[in-house]
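Single-letter residue listing:
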Amino acid sequence: MSSVALKSVGMDFPGGFELFKNLNARFDDKAINFVVGRSGVGKTTLLQIIAGLLPPSRGKVFVNDINVTGFNRSEMLRYRKYVGVVTQNSSLVLDRSVYENVAMPLRITGMSGQDIRHRVGASLRVVGMSDASNLLPTRLSSGERQRVSIARAIVHRPKLLVADEPTGNFDRELALEVLGLFDLFAERDTVVVVATHDPNLVSHAERVFELENGTIESLSRKQSSMESAE
Amino acid sequence: MKPQSFPWPDDGREARESVARVRLRSLKESFEHLCSHPLITFFVWLLIGIALSLPAGFWLVQHNIGVVAQELSTDSGFTVYFYKDLPQEEVETAANSLRRNPIVKDVDVITAQEAWEFLMASDFDEELDALDSNPLPASLTVTATQETDREQILELAKWASEQPAVESVEVDTEWMVQLHQIRQIASRLTWILSALYGIGVVFVSVAAVRYAMDSRFEELRVISLLGASNRSMRRPFVYCGVLYGFGGGVVATCIVVLSLMIIEQPLQGLANRYGGSIQFLAMDYLFSFILIVVGSILGLVGALQVTVVQIRKNRYSNRSR
């Protein structure tokens, strides 16, 4: 059982702007954790805090009951080796081949060339992009690019996967296909946190968290309490 | 039992390649990057090479001016003219007493007859035929040693002029002072120009490396997003920068060598006019090595500047909502 827990997390920006006041939430494995909210509410920042890319101004982030906000620089770099990130706009390097893009996280960890080839091949197969291995991202559609981005996020078998609007460029069918892929990871003890502003995507989701006015609330709990009140 | 301090047990992913292999691979990738963009690489090499060859060339010029001035200053001294029809023995006596002075390197005796023959060999032979007798006196050409300063030469010339057999003394130090002053001006000018070009070459190198790496800033942003350490982010860029600088250094060496080859002939002609003993400093292995090392360091500085600034920018842009 893996989990990520936010304890009284606050985030301030220069100029005194307080984005998060007091975030308290727990994201578990076995199912995708969706974070919803309107544009600009801080979904990306929240994912960056969870991924260790941005330190919170206040509060703590616990991963498997370990306080990762207290990590020093080298511990944080080690932590990031276990985290997969899918960004909003795929963030591929356009003059590098699909293979090279997917191999990047493995190169960062200093993996050997043979292991890299094996892992990249497997990842591209999972997202159905094996044939595009030698192509440049400029030759791909936006949907295909996002699939490559997902392959890159899962290539190092992350224990924590954060995805920022991963299906923004997909039609509903492809979006559900990708979410199915994330579900597979979640079932394999990976904590998956997906930020989206598409309410349709989460209409049947098990775990949904709403980010609003600097606070986060579990919609599932809110719905269940509304249902019990009725 | 030690409490767990990391969220996950090590599953082997932290086993790393040796640092040497990681660096070697990074260097290979950087080299491949340069090869895959030959035009940009050539342009950057040329830019850094030209910028670097200017201060290097000026330094060589400055050094060679010093060599020439020092070599020519050894020929300074004065000429002693005796009264007409003075017996040769008295001339020799004066020459010998001058030779005993420690600042005197050489005393050349020119008899009245030798001076007359020298004059007869010139283009004025028709005018000279009209003269009844040799109007020229005997003379001594006194050459001071290299270390002698002007004051010492003037003092010795004054002593020579006071000798009863001596009619006049002509001191040759004036042109030496002028040469020395010209040398000082040229030396300072070349230092100023070298320093200015030296500063310029740093900016040119940074700009050239920045231009060459512009297309890779997105890569830097993505790598930072994937959680790479600053050092591993910088590494391929730093290697690229060093390769650009190294190539620039090689180009600069070629430019200076070619320039020296072009001016070698007239320079040697000038040297021959002054006895042919001047050895000009040309490009040698050490100078080429220094030029290439300086080029590589400049490339390194350029790449570091570019990556540090870009990593800082990425950090701020990652903080967007």
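Predicted model, so just to flag it, every value in this text is computed and none were measured. (Residues numbered from 1 in each chain as written. Chains lettered and ligands numbered in written order. Predicted model: local features only at pLDDT ≥ 70, side-chain atom pairs only at ≥ 80, totals over all residues.)

Participant: For this particular structure, what's the right way to read the sheet that holds strand 3 (residues 139-144) of chain B?
Facilitator: Whether parallel or antiparallel, the strands of a sheet pair through hydrogen bonds between backbone atoms. All names here are of chain B. Read from one edge to the other, the open sheet built from four strands follows the order 2-3-1-4, with strand pairing classed as antiparallel. Only two strands of the sheet have a single partner each, and these edge strands are strand 2 (104-110) and strand 4 (166-171). Going from strand to strand, the sheet's axes swing by 20° on average, the running direction of each strand aside. Here strand 1 (residues 77-82) runs beside strand 3; their pairing, made up of five bridges, is antiparallel. Note on strand 3: the bridge partner recorded for Gly77 is Thr143. Of the strands in this sheet, strand 1, strand 2 and strand 3 touch helix 3 (residues 88-99), which is tilted by about 170° from strand 2. Along the sheet, helix 6 (residues 150-161) contacts strand 1, strand 3 and strand 4; its crossing angle with strand 4, the most-contacted strand, is approximately 165°. (Pairing = 2+ DSSP bridges. Helix = DSSP H or I, 4+ residues; strand = E, 2+ residues; numbered from the N terminus. Axes fitted to C-alpha atoms, helices over the stretch in contact; angles between N-to-C directions. Contact = placed C-beta atoms within 7 Å.)

Participant: What's the story with the interface of chain A and chain B in this structure? I'm lost.
Facilitator: Counting residues at the interface gives 34 residues for chain A and 24 residues for chain B. Taken together, the elements giving at least two residues each to the side of chain A that touches chain B come down to helix 1 (43-51), helix 2 (73-80), strand 6 (83-86) and helix 3 (98-109) of chain A. When residues in the side of chain A that touches chain B are grouped by element, the largest group, four residues, is from helix 3 of chain A. Here the side of chain A that touches chain B is built from residues that sort into 15 nonpolar, 13 polar and six charged. (Nonpolar A, V, L, I, M, F, W, Y, C, P; charged D, E, K, R; others polar.)

Participant: What is the right way to read the environment of Leu161(A) from this model?
Facilitator: All names here are of chain A. By secondary structure assignment, the location of Leu161 is in strand 7 (residues 160-164). C-beta crowding within 10 Å serves as the criterion here: with 26 such atoms nearby, Leu161 is assigned to the buried category. Residues Leu161 and Val194, spaced 33 residues apart in sequence, show a C-alpha to C-alpha distance of 8.2 Å. In contact with Leu161, other than residues within four places in its own chain, are Gly84, Ala153, Ile154, Phe182, Phe185, Thr190 and Val192. (Buried ≥ 20, exposed ≤ 12 C-beta atoms within 10 Å, placed from the backbone.)

Participant: Even after reading the chapter, I still don't get the confidence of the model for chain A, so can you show me in this structure?
Facilitator: Looking at chain A as a whole, the pLDDT averages 87, with 95% of positions reaching at least 70. The secondary-structure element of chain A with the lowest mean pLDDT is helix 7 (residues 219-229) of chain A, recorded at 56, while strand 4 (residues 58-63) of chain A shows the highest, at 95. (pLDDT = per-residue confidence, 0-100.)

Participant: Would you explain the nonpolar core in this entry?
Facilitator: It is characteristic of soluble globular proteins that their nonpolar side chains tend to be buried jointly. Membership of the largest hydrophobic core comes to 74 residues, with the highest contact counts inside it found for Ile50(A), Ala151(A), Leu161(A), Val162(A), Phe182(A), Val192(A) and Val193(A). Looking at which element gives the most residues to this core, the answer is helix 6 (residues 172-187) of chain A, with six residues. Non-local contacts of Val192(A), meaning those with residues more than four positions away in its chain, are made with Ile32(A), Asn33(A), Leu161(A), Phe182(A), Phe185(A) and Ala186(A). Counting residues in hydrophobic clusters, the runner-up holds 36 residues, among them Tyr197(B), Ala212(B), Val256(B) and Leu291(B). (Core = buried A, V, L, I, M, F, W, Y, C linked by C-beta atoms within 7 Å.)

Participant: Would you explain the environment of Tyr211(B) in this entry?
Facilitator: All names here are of chain B. Mapped onto the elements of the fold, Tyr211 is located in helix 7 (residues 173-213). Judged by the 16 C-beta atoms lying within 10 Å of it, Tyr211 falls in the partly exposed class. Considering only alpha carbons, one finds Tyr211 and Val306, 95 residues apart in sequence, at a separation of 9.7 Å.

Participant: Help me out: how do you make sense of the sheet that holds strand 3 (residues 33-36) of chain A in this one?
Facilitator: All names here are of chain A. Spatially, the six strands line up as an open sheet ordered 6-7-8-3-9-10, and their pairing is mixed. Both edges of this open sheet fall to strand 6 and strand 10 (215-218), since each of them pairs with a single strand only. Sheet twist, expressed as the mean angle between neighbouring strand axes with direction ignored, is 20°. As defined by bridge partners, strand 3 adjoins strand 9 (residues 207-212) across four bridges and the pair is classed as parallel.

Participant: So what exactly am I meant to see when it comes to helix 5 (residues 142-154) of chain A here?
Facilitator: Every α-helical turn comprises 3.6 residues, leaving residues that sit three or four positions apart pointing alike. All names here are of chain A. Relative to the 18 Å expected for 13 residues at 1.5 Å per residue, helix 5 spans 19 Å between its end C-alpha atoms, a close match to the ideal helical length. Most of helix 5 is tucked away, with eleven of its 13 residues classed as buried. Buried residues belonging to helix 5 abut strand 6, helix 3, helix 4 (113-126), strand 7 and helix 6. (Expected span 1.5 Å × (residues − 1).)

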